Amino acid sequence: MRRLFPVTDETAARASGGSAGEGGGGAAGGALAPGGSGGLPGGPGGVPGGDLVDREWSLAELGLAYAYPEPGPGEPQPWLRANMVSTLDGAAQHDGRSQPISTATDMRIFGTLRALADVVIVGAETVRQEGYRPARARAEFAEAREAAGQGPAPAIAVISASLGLDFGLPLFTSPSVPTLILTGAAAAPDRMAAAEKAGARVVIAGDGVGVDPVRVVQALAELGHTRLLTEGGPRLLGQLVASGVLDELCLTISPMLTAGDAQRIAGGPSVAVPKRFELVSLLEEEGFLFSRYRRT
């Protein structure tokens, strides 16, 4: 993997060891930090003079590259990031799942983002489609999580209006951290009772049947979860975008074309004024681009 931000001909040439305009990259892990000097602080980098060492980034180095913003003075404020993958022609899925358009490095970043989060927010349909399981504790991140005051693994928070979920799944029966279900105050009482009987914790985050995204963020923060990660699906991400609560998007651009009628990464009604985000970092491996954007 190599760092491409800022993207210049010189960046590509130095990362590949060739002249400007030559190809390069691949599964190795040389890096260019912003400004063109070799390396990330504490992360993968080159030797004095800017020469780069081609090697795979470690999980610790990925953790530094994707660290949440340092909290300011006073009460910690929630920070919500999304992690999604899209093909070149805008498909967020193939045959209903994201795995076919992903890659091993994308999954390493996926695992890293989970390991940095307090809670992973996901829509009920994505739970059903992707066969969600509990987040697992990662030994590589155990020390960092303990230092940050986090438990061994993030909780999974499922957004569901109907609570039409299979409470016999491991996500509910055997998580290391109780699964949260966020729903509205008007949700069916019998389904809420079934969820709680299965071991889930039901959190009310809306006055009607469904949830209010602003209240979702607030409710999780009140539980002590301020490092928030959502993995979609597209309908949930669209709601978060429309409500203005999304702070950051980590988007993997897959060098594939699928055509068809697959969903985009965000669905639902459009916003009145497009949301502007700024590029924070851009990594590349074998044609896959791993971008990170924050709200301006």
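Residues numbered from 1 in each chain as written. Predicted model: local features only at pLDDT ≥ 70, side-chain atom pairs only at ≥ 80, totals over all residues. Heavy atoms only, no water.

Enquirer: Quick question: what am I supposed to make of unusual backbone geometry here?
Expert: Among all residues save glycine, negative phi is the norm, and among peptide bonds the norm is trans. The amide bond that connects G232 to the next residue, G233, takes the cis arrangement and shows omega of 5 degrees. Here G233 lies in the loop between β7 (227-230) and α9 (234-243). Backbone geometry places L163, a non-glycine residue, at a positive phi of 55 degrees. Within the fold, L163 resides in the loop between β4 (155-159) and α6 (170-173). For A259, which is not glycine, the phi dihedral falls at a positive 55 degrees. Residue classification places A259 among the exposed positions, given a relative accessible area of 53%. (Helix = DSSP H or I, 4+ residues; strand = E, 2+ residues; numbered from the N terminus. Buried < 20%, exposed > 50% of the residue type's maximum accessible area, 1.4 Å probe, protein only.)

Enquirer: Looking at this structure, I do not really get the pairing of strand β9 (residues 277-285). What am I missing?
Expert: Within a regular beta strand, the side chains point alternately toward one face of the sheet and then the other, so they alternate between its two faces. In this structure, strand β1 (residues 2-3) lies alongside β9, joined through two bridges in antiparallel fashion. Paired with R3 across the two strands is L283, which belongs to β9. Note that β9 and strand β10 (residues 288-295) share eight bridges and pair antiparallel. Looking across to β10, one finds that L283 is bridged to F290. Counting the residues in the hairpin turn of β9 and β10 gives two residues, including E286, whose phi is positive at 50 degrees. (Pairing = 2+ DSSP bridges.)

Enquirer: Explain the confidence of the model for the protein chain here, please?
Expert: Atomic detail in the predicted coordinates should be set aside for any region of low pLDDT. Confidence in the prediction for the protein chain averages 84 pLDDT; 83% of positions are at 70 or higher. Within the protein chain, the element-level pLDDT minimum falls on helix α1 (residues 9-16), averaging 51, and the maximum on β7, averaging 98. The model gives residues 18-54 a pLDDT under 50, and that stretch makes 91 contacts with residues more than four places away or in other chains. (pLDDT = per-residue confidence, 0-100. Contact = heavy atoms within 4.5 Å.)

Enquirer: What should I look at first to understand the side chain of E248 in this one?
Expert: Within the secondary structure, E248 is located in strand β8 (residues 248-254). Within the structure, E248 has its side chain in polar contact with the side chain of W79 (distance 2.9 Å). (Polar contact = N/O pair within 3.5 Å; in protein donor to acceptor, adjacent residues only side chain to side chain.)

Enquirer: Which parts of the structure should I look at to understand the packing of aromatic side chains?
Expert: Two measures describe an aromatic ring pair: the distance that separates the ring centres and the angle between the ring planes. For the coordinates displayed, the defined rule picks out two aromatic pairs. Ring geometry for F167 versus F172: centroids 5.2 Å apart, planes at 80 degrees, classification edge-to-face. Each member of the pair F167 and F172 is classed as buried. (Phe/Tyr/Trp six-rings, centres within 6.5 Å; stacked < 30°, edge-to-face > 60°.)

Enquirer: Which parts of the structure should I look at to understand the nonpolar core?
Expert: The nonpolar side chains of a soluble globular protein tend to be buried with one another. Judged by nonpolar contacts, the single largest core of 38 residues is most densely connected at Y66, V158, L165 and I181. Among the elements of the structure, α2 (59-65), α3 (104-116), β3 (119-123), α4 (124-130), β4, α6, α7 (189-197) and β10 are those that each provide at least two residues to this core. At four residues, the largest contribution of residues to this core is made by α3. If we skip the residues at most four places from it in the chain, I181 touches V158, L163, L165, F167, F172, A195, A200, R201, V202 and V203. (Core = buried A, V, L, I, M, F, W, Y, C linked by side-chain atoms within 4.5 Å.)

Enquirer: Even after reading the chapter, I still don't get the pattern of salt bridges, so can you show me in this structure?
Expert: Two side chains bearing opposite charge may form a pair once their charged atoms approach each other closely. For the structure shown, the criterion picks out ten salt bridges. The closest approach of N and O atoms between D247 and R295, which form a salt bridge, is 3.2 Å. Here D247 is found in the loop between α9 and β8, whereas its partner R295 is found in strand β10, with 48 residues between them in sequence. The class for D247 is buried, based on a relative accessible area of 12%. Linked through salt bridges whose partners overlap, the residues forming this network are R81, E248, R292 and R294. (Salt bridge = Lys/Arg side-chain N within 4 Å of Asp/Glu carboxyl O.)

Enquirer: I keep staring at the sheet that holds β7 and nothing clicks. Help me out?
Expert: Sheet strands pair by backbone hydrogen bonding; their relative direction is either parallel or antiparallel. Taken together, ten strands build an open sheet; the order of strands is β1-β9-β10-β8-β2-β7-β3-β4-β5-β6 and the sheet is mixed. The open sheet has two edge strands with one neighbour each: β1 and β6 (201-204). Here β4 runs beside strand β5 (residues 180-183); their pairing, made up of three bridges, is parallel. Across the sheet, I159 pairs through a bridge with L182, a residue of β5. Across the sheet, helix α8 (residues 213-222) lies against β2 (79-87), β3, β4, β5, β6 and β7, angled at about 145 degrees from β5, the strand it touches most. Sitting on the sheet, α9 touches β2, β3, β4 and β7, and the angle it makes with β2 is about 135 degrees. (Axes fitted to C-alpha atoms, helices over the stretch in contact; angles between N-to-C directions.)

Enquirer: What is the right way to look at α9 in this model?
Expert: Note: α-helices contain 3.6 residues per turn, so residues at a spacing of three or four share the same orientation. Listing the buried residues of α9 in full gives P234, L236, L237, G238 and L240. In the core, the buried residues of α9 are packed alongside β2, β3, β4, α8 and β7. In the stretch just after α9, G244 is the one whose phi turns positive, near 80 degrees.

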